[in-house]
Amino acid sequence: MDNVGILSFIRSNASGDFQERIPKPTSVNIADIATDIMTYKQTKEEFCDVLLNKIVKQIVMTKMYENPYKFFKKEPLPYGKTIEMIMVDLIKAKDFSHRYGDGTDAGSLISTEKPTITPEYHSENFKHKYKISVSDDRLKSAFLNANGLQALTNEIVNTALTSAEYDEYLLIKDLLNLTDITEVELTGYSALTTDNARAKMLTKSINTYISYFSFLRKDFNKQGYYTHSKGKDIVIIVTPEMKAELDVELLATAFHMDKAQVAERLVLIDGFEKNSGTKTEPNIVPDDDTLAIVCDVDLIQFRDTLNTTESFRNGDTLTTNLFIHRWGSASATNFVLKGNLTISLSF
């Protein structure tokens, strides 16, 4: 969008006073408009406010870097800072002749049977903020080029919002790497000498995982409750190297999907990591043994609690400061199925 388009958007979102002072932008009067904006304090402040808070959100954000794990994000928390998840275990069947309570007919009718319930709480655990300053001189120079305002807003996004998205990516990547996950060793994988043989073994193992996940099982979640996952909710985390080895056609049979749909289930990670230290004194190192993580999409509980931008005019330095706030909750649940495939050194 060129300067005329951006100025038109700003004018339509500005106050009545701004619209009375600033005429409808054209390629002919844009230089005069720029002078008027930079001359009058109130007009300049309103221009910067709309530029930084609305243009950035509605126009530029469509072109910015996005966290590739954004699909893990759930609905924002509209109120409060904590969400409670509850898992209710299966109820064991009794024989028809069984009497509940004290064993009498009356006791069986009025006694209480409480199911096994385990709660899990996911609370706000990060408050990130990002600041970027736009000087009057930088703003003036943006009017000198037909696409200068677009370049300015791109500059703001690329430095601040991309940083926020990347930090969210790192949060989720750490959760995927460091969450306690059931491990299954692929005995003999290291001894295979061809890419084709390794691809078949890895693909077969992932297929087995996916098939097991469709059953009610309690051995793939840390709470030990019976649960299952549908194929559409399962994702496979692999490195680019491992993705190149997988047989997508064979995976499609386990997912009951076509190849294109299966490809969407394969999520790339730029490297697995593990903690060789303790929880209090972590030591994060590369994990060369993990080949893939297979998990339910609900493994990561990532929610925004606040996502907003604010601007402030600094009259001392003749700059406008933009503050971007990203607060939220990032954690993993023990209620869903998850596991990782690792290389066994015994073959």
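A. Spotlight on the sheet that holds strand E11 (residues 319–332). Taken together, the three strands give an open sheet; going across it, the order is E3-E11-E10, and neighbouring strands pair in antiparallel fashion. In the strand order of this sheet, the two ends are held by strand E3 (126–135) and strand E10 (300–314), each with one partner. Along the sheet, successive strands turn relative to each other by an average axial angle of 15 degrees, direction set aside. Where E3 and E11 come together, 10 bridges link them in antiparallel fashion. Residue pairing in the sheet places His128 in a bridge with Arg326 of E11.

B. How the structure looks around the packing of helix H8 (residues 195–213) against helix H10 (residues 248–255). Orientation of H8 relative to H10, taken along the N-to-C sense of each, is 10 degrees, at an axis distance of 9 Å. Put simply, H8 runs roughly parallel to H10. On H10, the residues touching Thr203, Ile206, Asn207 and Ile210 of H8 are Leu250, Leu251, Thr253, Ala254 and Phe255. A breakdown of the residues in the contact of H8 with H10 according to their chemical character gives six nonpolar, three polar and no charged.

C. Representation of the nonpolar core in the model. Ranked by internal contacts, the top residues of the largest apolar core, which has 31 residues, are Leu7, Ile37, Phe47, Leu139, Phe143 and Leu149. Those elements that provide at least two residues to this core are helix H1 (3–12), helix H3 (30–39), helix H4 (41–58), E3, helix H6 (136–142), helix H7 (148–178) and E11. For this core, the element with the most residues is H7, which contributes seven residues. Once you skip the residues sitting within four places of it in the chain, Leu149 turns out to touch Asn3, Ile6, Leu7, Phe47, Leu139, Ala142 and Phe143. Counting residues in hydrophobic clusters, the runner-up holds 23 residues, among them Leu186, Phe213, Val238 and Leu246.

D. The packing of H1 against H7, seen in detail. Packing of H1 against H7 brings their axes to within 7 Å, and their N-to-C directions diverge by 70 degrees. One way to sum up the angle between H1 and H7 is to call them roughly perpendicular. Across the interface between the two elements, Asn3, Ile6 and Leu7 from H1 touch Gly148, Leu149 and Gln150 from H7. In terms of residue class, the contact of H1 with H7 is built from three nonpolar, three polar and no charged.

E. Expanded view of the packing of aromatic side chains. With the rule as written, the count across this model stands at nine aromatic pairs. Members of the aromatic cluster, each reached through a chain of ring pairs, are Tyr69, Phe71, Phe72, Tyr166 and Tyr169. A cation sits over an aromatic face here: Lys127 above Trp327, 4.5 Å from the ring centre. Above the face of the Tyr212 ring, Arg217 is positioned so that its terminal group lies 4.4 Å from the ring centre.

F. How the structure looks around H1. Here H1 has its buried residues at Asn3, Ile6, Leu7, Phe9 and Ile10. Angular distribution of buried residues about the axis of H1 spans 160 degrees; they occupy a single face of the element.

G. Just the pattern of salt bridges, in detail. Scanning all chains against the criterion turns up 17 salt bridges. The residue Glu45 makes a salt bridge to Lys41 at a minimum N-O spacing of 2.8 Å. Note that Glu45 and Lys41 are positioned in helix H4 at a spacing of four residues, about one turn of the helix. Across the pair Glu168 and Arg326 runs a salt bridge, and its minimum N-O distance is 3.3 Å. Note that Glu168 is positioned in helix H7 and Arg326 in strand E11, a separation of 158 residues in sequence. For the pair Glu168 and Arg326, one class covers both residues: buried. Through salt bridges with shared partners, one network takes in Lys70, Lys73, Glu165, Glu168, Asp304 and Arg326.

Rules behind the numbers
Residues numbered from 1 in each chain as written. Predicted model: local features only at pLDDT ≥ 70, side-chain atom pairs only at ≥ 80, totals over all residues. Heavy atoms only, no water. Pairing = 2+ DSSP bridges. Helix = DSSP H or I, 4+ residues; strand = E, 2+ residues; numbered from the N terminus. Axes fitted to C-alpha atoms, helices over the stretch in contact; angles between N-to-C directions. Parallel < 35°, antiparallel > 145°, perpendicular 65-115°, else oblique. Contact = heavy atoms within 4.5 Å. Nonpolar A, V, L, I, M, F, W, Y, C, P; charged D, E, K, R; others polar. Core = buried A, V, L, I, M, F, W, Y, C linked by side-chain atoms within 4.5 Å. Buried < 20%, exposed > 50% of the residue type's maximum accessible area, 1.4 Å probe, protein only. Phe/Tyr/Trp six-rings, centres within 6.5 Å; stacked < 30°, edge-to-face > 60°. Lys NZ or Arg CZ within 6 Å of the ring centre and 35° of its normal. Arc of directions from axis to C-beta. Salt bridge = Lys/Arg side-chain N within 4 Å of Asp/Glu carboxyl O.

Note that every value here comes from positions in space, so none of it alone points to a role or purpose.
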